[in-house]
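# Summary of the model geometry
Each chain, written out:
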Amino acid sequence: MFVVALAITVAGCNYGNIIEGDPLGEYYRPADASSSPYASKVFEYTPAPGQFIGEPNITPALILTPEAACAWAKERLDAKKFVSLGAFGGFIVVGFDHSIVNIGGYSFAVYGNAFTGSSEPGIVWVAVDDNGNGIPDDTWYELRGSEYSNEYTLRNYSVTYYKPDGPGQDVRWSDSEGQEGTIDYMATFHTQDSYYPQWIAAEQYTLTGTRLKANNYYQSSNGMWINPDYDWGYADNFGGDRFRIGDAMDAEGKAVNLKYIDFIKVQTAVNAKSGQLGELSTEVLGFEDLSMYTSPR
Ligand SMILES: [Ca+2]
Ligand SMILES: [Ca+2]
């Protein structure tokens with residue numbers, strides 16, 4: 001099989017294309033009886049700063065390397081406990097021990113901790129291991145959601161976060177729209193030295209993704225901040241944990257017809273804060289393949 005694929009690659013430059021006789025492609029990894037429906041690996045966990053980043057109640061030991069951050073996130077997901085992605089742009093990338101088939105309807109689920117009026121949407125991205133090397137260095141496709149055509153939705157939006165000089169300080173940010181702000185230090189609730197990820201040694205880092213309009217508001221009648229639900233298509237958004245591979249689109253917004261996927265990324269999609277609740281941050285509690293429960297193809 002590999003020799004055949006290599007020959008085609010050299011001759012036709014169509015690396016990763018479907019091979020005759022193997023309808024889902026040479027790198028498709030079918031599920032079998034031993035496969036787990038849950039994410040088997042965390043490839044990257046790079047949150048934006050946030051109140052739950054390095055929180056001593058959920059992070060017993062300081063996380064000092066990206067590898068340790070991935071291991072910590074995987075343990076949390078295995079225990080069905082939340083992993084916070086922090087403020088805008090923070091993300092996690094997971095993979096499975098098999099490929100997730102596009103079954104037409106909902107092929108997989110991303111679990112969050114939203115309830116109505118407490119939605120912190122995350123954009124879901126998917127990728128196929130086109131080059132068959134087992135790592136997510138392939139093209140990412142954003143899944144279309146209800147806000148795709150919203151005039152306030154911004155693609156390729158970036159936020160740069162600046163490491164504080166010392167403990168107990170806000171984390172400053174600036175964005176690609178020329179705005180500035182802070183992730184507020186909330187001494188009453190979260191007392192770790194800093195909300196900037198401890199394992200990011202750089203003095204600043206930049207996260208880029210799609211930004212949705214923040215709809216949060218203060219409800220003076222009961223003194224509560226409300227983070228309203230979006231219609232559909234986002235992680236940690238009340239009303240829908242399930243996702244269709246058929247919603248994948250390319251950078252121009254055109255639908256791409258993926259037969260299966262190997263990797264999922266979730267990224268916080270709003271840049272906003274809600275008073276005493278602090279910054280909006282997507283949380284994920286698990287990733288589950290739903291295609292395994294339908295009849296095998
Ligand atoms: Ca949440
Ligand atoms: Ca790859």
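Basis of the calculations
All chains use their own residue numbering, which begins from 1 and follows the written sequence. Following the order in which they are written, the chains are lettered starting with A and the ligands numbered starting with 1. Under the rules for a predicted model, residues below a pLDDT of 70 receive no local features and side-chain atom pairs below 80 are neither given nor counted, while totals for whole chains, interfaces and linings still include all residues. Pairs of strands are assigned from DSSP output, requiring at least two bridges between the strands. Think of it this way: any DSSP run of H or I at least four residues long counts as a helix, any run of E at least two long counts as a strand, and we number them from the N terminus. Here, axes are lines fitted to C-alpha atoms. For helices the fit covers the stretch in contact, and angles between N-to-C directions go from 0 to 180 degrees. Note on contacts: residues are paired as contacts if their backbone-placed C-beta atoms lie within 7 Å. By our criterion, buried Ala, Val, Leu, Ile, Met, Phe, Trp, Tyr and Cys residues that link up through C-beta atoms within 7 Å make up a nonpolar core. Each residue is classified by how many other C-beta atoms fall within 10 Å of its C-beta atom, where C-beta atoms are placed from the backbone; a count of 20 or more means buried, 12 or fewer means exposed, and values in between mean partly exposed. Where each domain begins and ends is defined by an automated method or by a domain database.

Once that is clear, we can look at the sheet that holds strand 8 (residues 171-175). Spatial ordering of the open sheet is given by 9-8-7-10, a layout of 4 strands whose pairing is antiparallel. The strands lining the two open edges of the sheet, one partner per strand, are strand 9 (180-183) and strand 10 (204-211). Strand-to-strand, the axes of this sheet are offset by a mean angle of 30 degrees, without reference to chain direction. In terms of strand pairing, strand 8 meets strand 9 through 4 bridges, oriented antiparallel. When the sheet's bridge partners are listed, Arg172 is paired in strand 9 with Thr182.

As for its placement among the helices and strands, Trp199 is situated in the loop between strand 9 and strand 10. As for Trp199 and Ala69, which are separated by 130 residues in sequence, their C-alpha atoms are 7.7 Å apart. Here Trp199 is in contact with Ile63, Leu64, Thr65, Pro66, Ala68 and Ala69, once residues within four sequence places are set aside.

If you look at the biggest cluster of nonpolar residues, it comprises 59 residues, and the most contacted ones within it are Ala73, Ile92, Val124, Val126, Ile261, Ile264 and Val266. With 7 residues, the top contributor of residues to this core is strand 3 (residues 91-101). Excluding residues that lie within four positions of it along the chain, Val266 makes contacts with Leu85, Phe91, Ile92, Val110, Gly122, Val124, Ala235, Thr282 and Val284.

To continue, consider the pairing of strand 7 (residues 154-162). Inspection of the sheet shows strand 7 paired to strand 10 by 7 bridges, in the antiparallel sense. Within the sheet, the bridge partner assigned to Val159 lies in strand 10 and is Leu207. Two elements, strand 7 and strand 8, share 4 bridges in a ladder whose sense is antiparallel. The residue bridging Thr160 from the neighbouring strand is Ser174, located in strand 8.

What follows deals with the domain arrangement of the chain. Domain annotation of the chain identifies domain 1 (1-30) and domain 2 (33-293). Contact with domain 1, which involves 8 residues of that partner, is made by 8 residues of domain 2.

The next point concerns unusual backbone geometry. You will see that Lys80, though not glycine, has its phi angle at about 60 degrees, which is positive. Here Lys80 shows up in the loop between helix 2 (66-78) and strand 2 (83-84). Lys80 sits in the exposed class, given 10 other C-beta atoms within 10 Å. Although it is not a glycine, Asn156 adopts a positive phi angle of roughly 55 degrees. Tracing the chain through its elements places Asn156 in strand 7.

The subject of this paragraph is the pairing of strand 3. Within strand 3, 10 of the 11 residues are buried, leaving the element largely enclosed by the surrounding structure. With 5 bridges joining them, strand 1 (residues 41-46) and strand 3 adopt antiparallel strand pairing. Note on strand 3: the bridge partner recorded for Lys41 is Gly95. Summarising the sheet, strand 3 and strand 15 (residues 260-268) pair through 7 bridges and their orientation is antiparallel. Counted as the bridge partner of Gly95 is Phe263 from strand 15.

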